[in-house]
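Each chain, written out:
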Amino acid sequence: MSADIRGHVAEALATLSPSQIDFLRRLPKAELHAHLNGSIPLPIIREFAKEYKPISPQFHKYSVEQIQDGVKQLEDFNLENIYGFFGPFAIIYALTSTKENLQKATRAVLAEFLDGETPQCSYLELRSTPREAVEMTRLDYVQTVLDEVEKYPKDRTALIVSLDRKMKPEVMQEVIDIAKKLRSEGRRVVGVDLCGDPLAGDMYSQSVAKCFEEARNAGLKVTLHIAETMDNPAQENIQLLSYKPNRLGHATFLNDEANAIVLQEKIAIEICLSSNLLCKTVSTLDAHHIRYYLKNDHPVAICTDDILPFRNSLLGEYALLLAKAPYGLGLSEDEVARIAQMSMESRFV
Ligand SMILES: CNc1ncnc2c1ncn2[C@@H]1O[C@H](COP(=O)(O)O)[C@@H](O)[C@H]1O
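Residues numbered from 1 in each chain as written. Predicted model: local features only at pLDDT ≥ 70, side-chain atom pairs only at ≥ 80, totals over all residues.

1. Quick notes on the overall build of the chain
Part 1 of the argument: A count of helical and extended segments in the chain gives 16 helices and 8 strands.
Part 2 of the argument: At 19 Å, the chain has a C-alpha radius of gyration in line with the 20 Å of a compact globule built from 349 residues.
Part 3 of the argument: If you line up the chain on its principal axes, its C-alpha atoms span 50 × 45 × 40 Å.
Part 4 of the argument: Burial status across the chain gives 46% buried among its 349 residues. (Helix = DSSP H or I, 4+ residues; strand = E, 2+ residues; numbered from the N terminus. Rg over C-alpha atoms; globule rule 2.2 N^0.38 Å. Buried ≥ 20, exposed ≤ 12 C-beta atoms within 10 Å, placed from the backbone.)

2. Here we look at the confidence of the model for the chain
If pLDDT is low for a region, its predicted coordinates should not be looked at in detail.
Part 1 of the argument: In the predicted model, the chain carries a mean pLDDT of 97, and 99% of its residues have values of at least 70.
Part 2 of the argument: With a pTM of 0.98, the predicted complex shows an ipTM of 0.99. (pLDDT = per-residue confidence, 0-100.)

3. Some details on the pairing of strand S3 (residues 157–164)
Part 1 of the argument: Judged by how many residues are buried, S3 sits mostly within the fold: 7 of 8 residues are covered.
Part 2 of the argument: Across 5 bridges, strand S2 (residues 123–128) lies against S3 in parallel orientation. Along S3, the bridge assignment pairs Arg 127 with Ile 160.
Part 3 of the argument: The parallel pair S2 and S3, bridged by helix H7 (residues 138–149), forms a crossover whose chirality is right-handed. (Pairing = 2+ DSSP bridges. Right-handed = clockwise from strand over helix to strand, strands pointing away.)

4. Some points on helix H15 (residues 314–322)
Part 1 of the argument: Counted residue by residue, H15 has 9 buried out of 9 residues, so it is predominantly covered.
Part 2 of the argument: Residues of H15 that are buried: Leu 314, Leu 315, Gly 316, Glu 317, Tyr 318, Ala 319, Leu 320, Leu 321 and Leu 322.
Part 3 of the argument: If you follow the buried residues of H15, they end up packed against helix H1 (7–15), helix H2 (18–26), strand S1 (30–35), helix H12 (273–278), strand S8 (300–302) and helix H16 (333–345). (Contact = placed C-beta atoms within 7 Å.)

5. A closer look at the sheet that holds strand S4 (residues 189–195)
Part 1 of the argument: Read from one edge to the other, the open sheet built from 8 strands follows the order S1-S2-S3-S4-S5-S6-S7-S8, with strand pairing classed as parallel. Each end of this open sheet is capped by a strand with a single partner; those strands are S1 and S8. Geometrically, the sheet is characterised by an average inter-axis angle of 25 degrees between neighbouring strands, direction not taken into account.
Part 2 of the argument: Relative to strand S6 (residues 247–250), strand S5 (residues 221–226) runs parallel, the two being bridged by 4 bridges. (Axes fitted to C-alpha atoms, helices over the stretch in contact; angles between N-to-C directions.)

6. Things to note about the environment of Ile 176
Part 1 of the argument: For Ile 176, the location among the structural elements is in helix H8 (residues 169–184).
Part 2 of the argument: C-beta crowding within 10 Å serves as the criterion here: with 22 such atoms nearby, Ile 176 is assigned to the buried category.
Part 3 of the argument: Placed 141 residues apart in sequence, Ile 176 and His 35 show a C-alpha to C-alpha distance of 18 Å.
Part 4 of the argument: When neighbours within four sequence positions are excluded, Ile 176 is seen to be in contact with Val 192, Cys 211, Glu 214 and Ala 215.

7. Here's the deal with the nonpolar core
A general trend in soluble globular proteins is that nonpolar side chains are found buried together.
Part 1 of the argument: Counting 104 residues, the largest nonpolar core has Val 300 and Ala 319 as the members making the most contacts within it.
Part 2 of the argument: Per-element tally for this core: the top contributor is H15, with 7 residues. (Core = buried A, V, L, I, M, F, W, Y, C linked by C-beta atoms within 7 Å.)

8. Things to note about the packing of H8 against helix H9 (residues 206–217)
Angle between the axes and distance between the axes are the two parameters that describe a pair of packed helices.
Part 1 of the argument: Closest axis-to-axis distance for the H8/H9 pair is 10 Å, and the angle between their directions is 0 degrees. Taken together, the axes of H8 and H9 lie roughly parallel to each other. Contacts between H8 and H9 involve Pro 169, Met 172, Gln 173, Ile 176, Ala 179 and Lys 180 from the first element and Ser 207, Val 208, Cys 211, Glu 214 and Ala 215 from the second.
Part 2 of the argument: Its residues assigned to classes, the contact of H8 with H9 shows 7 nonpolar, 2 polar and 2 charged. (Parallel < 35°, antiparallel > 145°, perpendicular 65-115°, else oblique. Nonpolar A, V, L, I, M, F, W, Y, C, P; charged D, E, K, R; others polar.)

9. Re the pairing of S6
Part 1 of the argument: Where the polypeptide runs from S5 across helix H10 (residues 234–241) and back to S6, its parallel neighbour, the crossover connection is right-handed.
Part 2 of the argument: Bridge count between S6 and strand S7 (residues 268–271): 3 bridges; the pairing is parallel. Note on S7: the bridge partner recorded for Arg 247 is Ala 268.
Part 3 of the argument: Taking the sense of rotation as the criterion, the β-α-β connection linking S6, helix H11 (residues 256–265) and S7 turns out right-handed.

10. Points about unusual backbone geometry
Part 1 of the argument: Cis geometry is found at the peptide bond from Ala 325 to Pro 326, where omega equals 0 degrees.
Part 2 of the argument: With respect to the helices and strands, the residue Pro 326 is situated in the loop between H15 and H16.
Part 3 of the argument: A positive phi is found at Lys 244, a non-glycine position, where the angle reads about 55 degrees.
Part 4 of the argument: One can find Lys 244 in the loop between H10 and S6.
Part 5 of the argument: Its identity is not glycine, yet Lys 280 carries a phi of approximately 60 degrees, on the positive side.
Part 6 of the argument: Note that Lys 280 resides in the loop between H12 and helix H13 (290–295).

11. A short note on the packing of H7 against H8
Part 1 of the argument: It is the contact of H7 with H8, at a shortest axis distance of 10 Å, that shows an interaxial angle of 45 degrees. As judged from the angle between their axes, H7 and H8 are oblique. The interaxial crossing formed by H7 with H8 has right-handed handedness. For the pair formed by H7 and H8, the contact residues are Arg 138, Leu 139, Val 142 and Leu 146 on the first element and Glu 174, Val 175, Ile 178 and Leu 182 on the second. (Left-handed = near helix turned anticlockwise from the far one by under 90°.)

Quick look at the structure:
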């Protein structure tokens, strides 16, 4: 496990006794919301940056100096608001635009979550957005990631294929076709996701609706980033719920009408505490919407989102549940165990 964690999670962990940490380590838990390119361990990013050669004008748009500056920014990630979050991915993408590096990155992320005597989680549903890269089609991209995922047993990890809100309709369709094809060949694709800049794209379009309908008909589960910012219109949230998601990411600003649907349909919420605090969409842990869902005995799964910029860990996110205020939510061990169990029950397998 990465020792290089910071901020809220590090502070929460520091307040726990060794027996509380041991309790958290032993809990069977599922990580259901981790973005591959946002979860690459920093030492691997530094290694990629050291070896970086801009060999492709299309995928390596940055000079060596720009890459080094970008990595420094990632090391000291500090956001004014959530909209500043997405820019730095251009640097990461330049570093993972070869098959070799994509393979290495995937291997490192899987190891980070799943390897060792007390792995961060019992089960990881990794997600990633298929990209064209040097001598790689989007299909090659997904196959490369899957080849690594499938080196682990079935009950340890699986892949969710992400659609970026910015994608053109034909690209979204291509990604859905890839997910369907690979699933039908027995590959370990279990679901599709909608992510990216929360205000990008037209979520009302027929083509988006068609993508999720086709995915569901092919037996793929659906998770959607929803209401991640206050600026996501209530009407858009209702539209996204009409795509019949099995889980939702963040769900920070759902109104009563949307929450009534979520509770009624028992749609599990992927909760990313540090991510919300660092992106400043939630001001304090005490004000976090997880309290609403727990009060309603609604399924939630505690997740990391992007351990590379956020410098968190799944253990640290669980520490935020157990630590006393103001470092955490001050839940009991029984309550935390129940939440971990809900994460296991919300898997797409
Ligand atoms: C802060 N919360 C978030 N909200 C929305 N989308 C996010 C995200 N965190 C990550 N991503 C999405 O995941 C991509 C990186 O991983 P992959 O290239 O897919 O492996 C980002 O470019 C963004 O589109």
